[in-house]
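Structural overview
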Amino acid sequence: MTARILEGKDFSARIKDEARAAVAQLKADGITPGLTVIIVGDNPASQVYVRNKHKTCEELGIRSDVIALPEDSTKDQLLDTIDRLNADPAVNGILVQLPLPSAIKSHEQEILERIDPLKDVDGFHPFNVGKLVTGAPTLVPCTPAGCVKMLDLAGIDIDGKRAVIIGRSNIVGKPMLHLLMARHATVTVCHSHTKPLGEVTREADILVAAMGRAKFVTADMVKPGATVIDVGINRIAPKKLVGDVDFDSVKEIAGAITPVPGGVGLLTVSMLMQNVVTATRLQLGRH
Ligand code: GUN
């Protein structure tokens, strides 16, 4: 039996409907939520992502600004831009698109820490990371939050399940650990030094692949009936994107699986819209 395919567009539409209703409610109170995205340089993938964010904001009635800074911008120019947005009450969400150009990449953490934590719609500021770890309500990174939301909307139980995450990044693996643990899963985080990897991944009821290696997860690494969430986006040819999961073989054994493209990537933008709403409410002192 082949797996249930978890199509990102179906879940994304539902999340956007929720965000649209929340935006309408805020507007009825005279408040228009606003997002400002800063993009530095001309990374083509980043430009596509930023355009998508802008379009989705417009679709939902969120005010959207994009500040495009030149590739050779200095760290201080970027920090000054963030300071200005922090002080602007019309800006409820600030997002610095990653990756930064190589000349300022080493300052990434300082730059992300400059964002007002209440406007940090990426959930990358240590203040928000700390809140997530302690289980307090906060702005949570969009991609892992989208994965959990998708499980909920798909009716896939998390409580008491064995979850295995491959990848320990700050953007996906680590926040995913805390989100799933908060929902009472027993969670294992694997990475490049985990041995033997297949033995651990075969224990998973919920397997999250987020390590950035094309088609790495094969059917022999998956427990029959497991839910497999593929967060990877790997370009293997100019027009060919694949995930971290070998979709064709794994779909024959999994119970449910997300495709790439068209899977959880679509949820990231929708969850960002929800975070803009959450940030706006936090700034108003509403929770
Ligand atoms: N680049 C790729 N994914 C992301 C993300 O979630 N946030 C930011 N700021 N940049 C990214």
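In this report, the structure presented in the accompanying data block is examined. Model, not experiment: these values are computed from the prediction.

**With respect to the overall build of the protein**
Of the regular secondary structure elements, the protein holds ten helices and eleven strands. Taking 19 Å as the expected radius of gyration for a compact globule of 287 residues, we find that the protein reaches 19 Å, a close match to that expectation. Each principal axis of the C-alpha atoms in the protein carries an extent, and together these give about 55 × 45 × 35 Å. Taken over 287 residues, the protein has a buried fraction of 49%.

**Concerning the sheet that holds strand β2 (residues 34–40)**
Across the sheet, three strands lie side by side as β3-β2-β4; this open sheet has parallel pairing. Lying at the two open borders of the sheet, with one neighbouring strand each, are β3 (63–69) and β4 (93–96). Taking the axes of each pair of neighbouring strands and ignoring which way they run, one obtains an average angle of 15° across the sheet. By the bridge criterion, seven bridges tie β2 to β3 in an arrangement that is parallel. By the bridge assignment, isoleucine 39 is partnered in β3 with alanine 68. Along the sheet, helix α3 (residues 75–87) contacts β2, β3 and β4; its crossing angle with β2, the most-contacted strand, is approximately 175°.

**A few points about the site of the ligand**
Around the ligand lies a shell formed by Leu95, Val96, Gln97, Leu98, Asp122 and Phe124. In this structure, valine 96 approaches the ligand through a main-chain N or O atom, which is 2.8 Å from a nitrogen atom. Here a nitrogen atom of the ligand and a side-chain polar atom of glutamine 97 are 3.2 Å apart. Here the ligand loses 80% of its free accessible area of 280 Å² to cover by the protein chains.

**Describing the environment of isoleucine 229**
Here isoleucine 229 is to be found in strand β8 (residues 227–230). Taking relative accessible area as the criterion, isoleucine 229 reaches 0% and is therefore assigned buried. Sequence spacing of isoleucine 229 and leucine 179 is 50 residues, and the spatial spacing of their C-alpha atoms is 15 Å. Not counting residues up to four positions away in its chain, the partners in contact with isoleucine 229 are Cys147, Met150, Leu151, Ile206, Leu207, Val208, Ala209, Thr258 and Val264.

Reading guide: rules and limits
Numbering of residues starts from 1 in every chain and runs along the sequence as written. The predicted origin of the model limits local features to residues at a pLDDT of at least 70 and limits the giving and counting of side-chain atom pairs to 80 or more, whereas totals for whole chains, interfaces and linings rest on all residues. Think of the side-chain values as coming from all heavy atoms in the structure, minus any hydrogens and water. Put simply, DSSP marks the helices as runs of H or I at least four residues long and the strands as runs of E at least two long, and each gets a number from the N terminus on. The globule rule is 2.2 Å times the number of residues to the power 0.38, and the radius of gyration it is compared with is taken over C-alpha atoms. Only protein chains enter the accessibility calculation, which uses a 1.4 Å probe. A residue is then buried if its area is under 20% of the maximum for its type, exposed if over 50%, and partly exposed in between. Pairing between two strands is assigned when DSSP locates at least 2 bridges connecting them. Angles shown run from 0 to 180 degrees and are taken between the N-to-C directions of axes, each axis being a line fitted to C-alpha atoms and, for helices, limited to the stretch in contact. Contact criterion: two residues are considered in contact whenever any of their non-hydrogen atoms come within 4.5 Å of each other. Residue proximity to a molecule or strand is established when one non-hydrogen atom of the residue lies within 4 Å of it. Here a polar contact is taken to be a pair of N or O atoms separated by no more than 3.5 Å, where protein atoms must pair a possible hydrogen donor with a possible acceptor and residues adjacent in sequence count only if both atoms sit in side chains. Accessible surface area values rest on a Shrake-Rupley calculation with a 1.4 Å probe, where residue burial reflects the displayed protein chains alone.

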